[in-house]
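Letter by letter, the chains look like this.
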Amino acid sequence: MPGAFAIWKGMNPIHYFLENQGFVILDGAMATELERRGMDLNDPLWSAKCLYERPDLIRQTHLDYFLAGADVATTASYQASFKGFETKGFNEKVAQELFLKSVELASEAREIFWSNPLNRAGRLRPLVAASVGPYGACLADGSEYTGNYGVSDEQLKEFHWKRLEILSHSNADLLAFETIPCLQEAEVLVGLLKDFPQKTAWLSFSCKHGGQISSGEPFAKAVALANNSPQVVAVGVNCTSPQFIESLLKTAKNNTHKLLIAYPNSGEGWDAAHHCWAGPADGNWTSSAAAWYALGAKILGGCCRTTPADIARIRQSIAQNSELSFQI
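Within each chain, residue numbers correspond to sequence positions counted from 1 in written order. Thresholds applied to this predicted model are a pLDDT of at least 70 for local features of residues and 80 or more for the giving and counting of side-chain atom pairs; totals over whole chains, interfaces and linings are not thresholded and use all residues. Side-chain numbers here rest on the full set of heavy atoms in the structure, without hydrogens or water.

The secondary structure listing takes helices from DSSP runs of H or I that are at least 4 residues long and strands from runs of E that are at least 2 residues long, numbered from the N terminus. Counting its secondary structure elements, the chain contains 13 helices and 10 strands. Think of it in three bands: with a 1.4 Å probe and only protein chains considered, a residue is buried below 20% of the maximum accessible area for its type, exposed above 50%, and partly exposed in between. Within the chain, buried positions represent 57% of all 328 residues. Exposure was quantified through the Shrake-Rupley algorithm and a 1.4 Å probe, taking into account, for residues, occlusion by the shown protein chains and nothing else. Summed over its atoms, the accessible surface of the chain is roughly 13100 Å², and 50% of this surface lies on carbon and sulfur atoms.

Any two strands are treated as partners once DSSP identifies two or more bridges connecting them. Strand order in this open sheet of eight strands is β1-β10-β7-β6-β5-β4-β3-β2, and the pairing throughout is parallel. The open sheet is flanked by β1 (24–25) and β2 (72–74), the only strands paired with a single partner. The pairing of β1 with strand β10 (residues 297–300) spans two bridges and is classified as parallel. When the bridges of β10 are listed, I25 appears paired with L300.

Before going further, it helps to examine the pattern of salt bridges. Side chains that differ in charge, positive against negative, can pair when their charged atoms come close. Any carboxyl oxygen of Asp or Glu that lies within 4 Å of a side-chain nitrogen of Lys or Arg is treated as forming a salt bridge with it. Counted by the stated rule, this structure contains 16 salt bridges. The residue R315 makes a salt bridge to D71 at a minimum N-O spacing of 3.0 Å. Of this pair, R315 sits in helix α13 (residues 308–321) while D71 sits in the loop between α4 (55–68) and β2, placing them 244 residues apart in sequence. The same class applies to R315 as to D71, namely buried. For D310, the salt bridge goes to R313, with nearest N and O atoms at 2.6 Å. Of this pair, D310 and R313 both sit in helix α13, separated by three residues, roughly a single helical turn. Residue classification places R313 among the partly exposed residues on the basis of a relative accessible area of 42%.

Right, let's talk about the packing of aromatic side chains for a bit. In this analysis, rings of Phe, Tyr and Trp, with Trp reduced to its six-membered ring, are considered paired at centre separations within 6.5 Å, and the interplanar angle assigns stacked below 30 degrees, edge-to-face beyond 60, and tilted for intermediate values. According to the stated counting rule, one finds 11 aromatic pairs in the structure shown. Ring centres of Y135 and Y149 lie 5.2 Å apart, and the angle between their planes is 65 degrees; on these two criteria the pair is classed as edge-to-face. Taken as a pair, Y135 in helix α7 (residues 135–139) and Y149 in the loop between α7 and α8 (153–167) lie far apart in primary sequence, 14 residues in all. By relative accessible area, which is 18% here, Y135 ends up buried. Y149 gets classed as buried once you look at its relative accessible area, which sits at 10%. Taken together, a centroid distance of 6.5 Å and an interplanar angle of 90 degrees make the contact between F205 and F219 edge-to-face. Of this pair, F205 sits in strand β5 (residues 201–205) while F219 sits in helix α10 (residues 219–224), placing them 14 residues apart in sequence. Given a relative accessible area of 0%, F205 falls into the buried group. Here the aromatic cluster, defined as three or more aromatic residues joined through ring pairs, consists of Y52, F82, F85, F90 and F99. Only lysine NZ and arginine CZ atoms are considered, and such an atom sits over a ring when it is within 6 Å of the ring centre and within 35 degrees of the ring normal. The ring centre of F82 lies 4.3 Å from the NZ or CZ of K162, which sits over that ring. Directly above the ring of Y293 sits K298, whose terminal nitrogen or CZ lies 3.8 Å from the centroid.

Each nonpolar core is a collection of buried residues, namely Ala, Val, Leu, Ile, Met, Phe, Trp, Tyr and Cys, held together in the definition by side-chain atoms within 4.5 Å. In terms of nonpolar packing, the biggest core is built from 110 residues, with F85, F177, W202, L203, F205 and F219 touching the most fellow members. Sorting elements by how many residues they give to this core places helix α6 (residues 92–114) first, with nine residues.

Here we take up α13. A helix's residues, less one, multiplied by 1.5 Å, set its expected span. Compared with the 20 Å implied by 1.5 Å per residue over 14 residues, the 20 Å span of α13 between its first and last C-alpha is a close match. When α13 is considered as a whole, its buried residues turn out to be P308, D310, I311, I314, R315, S317 and I318. Any two residues whose heavy atoms approach within 4.5 Å are treated as being in contact. Close packing links the buried residues of α13 with β1, α2 (31–36), α4, α12 (289–294) and β10.

Axis angles are defined between N-to-C directions and span 0 to 180 degrees, where every axis is a line fitted to C-alpha atoms and, for a helix, only to the segment in contact. Two elements in contact, α4 and α6, have axes separated by 8 Å at closest approach and are oriented at 45 degrees. Taken together, the axis directions place α4 and α6 in an arrangement best described as oblique. Classified by chirality, the crossing of α6 by α4 is right-handed. Contact residues: α4 offers P55, I58, R59, H62, L63, F66 and L67, while α6 offers K101, L105, A106, E108, A109, R110, I112 and F113. The labels follow the angle: roughly parallel below 35 degrees, roughly antiparallel above 145, roughly perpendicular from 65 to 115, and oblique for the rest. Working rule for handedness: look at the near helix, and if it is turned counterclockwise from the far one by less than a right angle, call the crossing left-handed; if clockwise, right-handed.

Further remarks concern the state of the cysteines. Note on disulfides: each one is a pair of cysteine sulfur atoms within 2.5 Å. Throughout the structure, instances matching the rule amount to zero disulfides. With no disulfide of its own, C303 lies closest to C239 among cysteine sulfurs, the gap being 3.8 Å.

In this section: the confidence of the model for the chain. Considering every residue of the chain, the mean pLDDT works out to 90; 90% of them sit at 70 or more. Every residue carries a pLDDT, the predictor's confidence in it, which falls somewhere between 0 and 100. With pLDDT under 50 throughout, residues 1–6 is counted as low confidence; its partners more than four residues away or in other chains account for seven contacts. Here residues 324–328 is a poorly scored stretch, pLDDT under 50, and it has 13 contacts once near neighbours within four places are set aside; other chains count.

Dropping the structure here:
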């Protein structure tokens, strides 16, 4: 396999996109989109359950996001863990294969998309980002929205290192550290990234409002962590209500020199006690994408409860407002 950045002319792939297109459009929700398509994901593995039950549906969902305008497929490994797979009767070898399967499915969807010349018009070859969700997601108790784990740095390192070791040796273009709720976990992940110098990552936090991450710690301090790592290419916010994105981006601009990333949820909140989404959705949030782009967020997409239709609207909005235009 060629070097990680070979096809991007020696550049980091995110920077290549920005130089040649001016923006990067992420995909939207995976788990809630799978549920919308009929899957029952009331399970500790959430979307990772489909890696062995319905891999075809994951592949098709990735493809539909590419067709809608996404430049990046984020793998269905967010809630995957060795312990979770073990509870389903899978040994460590099979668990490793399932982690790699998440990358393979996104890569296969990309090849299907890119094999059609009609899909290439005005587009760059899409990327695959290997999702690395927070420790709390694998507890399946909603603690990824609090960060109150009660575990040591060493426990977090042990948990994440095994996943990173596998995903960093996959053919994913980069890693996605996403929905990180607390400074402790962010610091651990940024530190572990040094063990895998061939990979770059984005670092994205879940936030409780316009000034704090989910743990209650300052968002300004959180985004500043990215400055310490040359391997972190972008930092920002995800799975957060759209109403807080503008304020968070303004804070981020003042506290980091990294690229900014934003992919909010629909505006509804996750009720961990009843395992359901609650509250009203923000039906007009995609119209805000151009404003977020103007604030410096050149990497934009959606998170929980967003759909391919939302991603199509974001791409249309950003393409119309981008100062750069890309022509094949």
